[in-house]
Amino acid sequence: MGIRSFLAFELPIEIKKVVAAVSEDLKTSSLKARWVKVENIHLTVVFLGHIAPEQLNPIQERTGTVCGRHPPFEIRLQGMGCFGSRRHPRVLWLGLTGDIKQMAIFKKDLQNTLEPLGIKMEKRPFRPHLTVGRFRKDAGPIRELDALLAKHEALTSPVCQLNELVLFRSDLRPNGAVYTQMAGWPLGSMGDL
């Protein structure tokens, strides 16, 4: 079956504090959703899927090379939104702003470098976000969702830097996914670009 894994950034502590406060607020709502544990919220860049153990070394080597070519990114939280329609929402997320165009270039570089190893290219445009909840079929009162989105429309955080990309292993358990760091690479390690 392979190792279910993804490449992502850990959230800086300043952003994690804001996410934790929002998460506590969401848990008081009557919306029918599975709220993501704050410690499990990452900024995913590339979902690798199930990789064979023998793919690990080549993936790690190529990822390290790509990370060395790109400087750290500055980001901050910006607002809340949902994927799916208001009537049938699927995912509730927190938005990000900052070096988003540069991150899209970084993601494309990563995908182009990893594609020869069998990693599927993501076709959708890169929309960096933090998933905070996944709705069940009947999400609940639309008015409550609208109120939450309006309440967190102006959500923001301090500007923070993302300095290290991490390879996570994802093990699905009955009480949710468990993420384990397998490797990490600093950005911009090949000197100033």
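Structure's up top.
Residues numbered from 1 in each chain as written. Predicted model: local features only at pLDDT ≥ 70, side-chain atom pairs only at ≥ 80, totals over all residues. Heavy atoms only, no water.

Student: I'm lost on the sheet that holds strand S4 (residues 73-84) in this one. Help?
Tutor: Whenever strands of a sheet pair, they do so through backbone hydrogen bonds, lying parallel or antiparallel. Pairing within the open sheet is antiparallel, and its five strands lie in the order S2-S6-S5-S4-S7. The strands lining the two open edges of the sheet, one partner per strand, are strand S2 (33-35) and strand S7 (160-162). This sheet shows a mean twist of 40° between the axes of neighbouring strands, independent of strand direction. Across three bridges, the pairing between S4 and S7 is antiparallel. Counterpart to Glu74 in the pairing with S7 is Gln161. Of the strands in this sheet, S4, strand S5 (89-98) and S7 are in contact with helix H3 (residues 100-114), which crosses S4 at around 85°. Contacts from helix H4 (residues 142-151) reach S4, S5 and strand S6 (129-135) within the one sheet, and its direction differs from that of S4 by about 165°. (Pairing = 2+ DSSP bridges. Helix = DSSP H or I, 4+ residues; strand = E, 2+ residues; numbered from the N terminus. Axes fitted to C-alpha atoms, helices over the stretch in contact; angles between N-to-C directions. Contact = heavy atoms within 4.5 Å.)

Student: Help me understand the pattern of salt bridges, please; the structure alone is not making it clear to me.
Tutor: Side-chain pairs of opposite charge can arise whenever the charged atoms involved come near each other. Counted under the stated rule, the structure contains six salt bridges. In this structure, the salt-bridge partner of Asp25 is Lys151, at a minimum N-O distance of 3.0 Å. Taken together, the positions of Asp25 in helix H1 (residues 13-27) and Lys151 in helix H4 put the pair 126 residues apart, joining distant regions of the chain. Exposure remark for Lys151: the relative accessible area of 55% places this residue in the exposed category. Put simply, Arg69 and Asp109 hold a salt bridge, and the shortest N to O gap is 2.7 Å. One end of the pair, Arg69, is in helix H2 (residues 56-69); the other, Asp109, is in helix H3, and 40 residues separate them in sequence. The exposure class assigned to Arg69 is partly exposed, which follows from its relative accessible area of 34%. (Salt bridge = Lys/Arg side-chain N within 4 Å of Asp/Glu carboxyl O. Buried < 20%, exposed > 50% of the residue type's maximum accessible area, 1.4 Å probe, protein only.)

Student: When you look at H4 in this model, what are you seeing that I'm missing?
Tutor: An α-helix turns once per 3.6 residues; consequently, residues spaced three or four apart project the same way. When we look at burial in H4, the residues that qualify are Leu145, Leu148 and Leu149. Down the axis of H4, the buried side of the element spans an arc of 95°, and every buried residue falls inside it. In this structure, H4 carries Arg143 and Lys151 as exposed residues pointing more than 90 degrees from its buried face. Its buried side turned inward, H4 meets H1, S4, S5 and S6. (Arc of directions from axis to C-beta.)

Student: Can you help me understand the sheet that holds strand S3 (residues 43-51) in this one?
Tutor: Read across the sheet, four strands follow the order S3-S1-S8-S9 without closing on themselves; strand pairing throughout is antiparallel. Of all the strands in the sheet, just S3 and strand S9 (176-186) have a single pairing partner and so form its edges. Here the strands of the sheet are splayed against their neighbours by 25° on average, with no regard to which way each runs. Of the pairings in the sheet, the one linking strand S8 (residues 164-173) to S9 comprises ten bridges and is antiparallel in character. What sits directly across from Val166, in S9, is Gly184. The strands that H2 touches are strand S1 (3-9), S3, S8 and S9; relative to S9, the one it contacts most, it runs at about 60°. Relative to S3, H3 is tilted by about 15°, and along the sheet it contacts S1, S3 and S8.

Student: Sorry if this is basic, but what is going on with the packing of aromatic side chains here?
Tutor: Ring pairs (aromatic) are described by centroid distance and by the angle formed between their planes. Per the stated rule, a full pass over the model turns up seven aromatic pairs. Residues Phe9 and Phe106 carry aromatic rings whose centres are separated by 6.1 Å and whose planes lie at 35° to one another, so their mutual orientation is tilted. With Phe9 in strand S1 and Phe106 in helix H3, this pair connects stretches of sequence that are 97 residues apart. Judged by relative accessible area, Phe106 falls into the buried class, the value being 1%. Considering the side-chain rings of Trp35 and Phe135, the 6.5 Å spacing of their centres and the 75° angle between planes classify their relative orientation as edge-to-face. With Trp35 in strand S2 and Phe135 in strand S6, this residue pair connects regions lying 100 residues apart in the sequence. With a relative accessible area of 10%, Phe135 lands in the buried category. (Phe/Tyr/Trp six-rings, centres within 6.5 Å; stacked < 30°, edge-to-face > 60°.)

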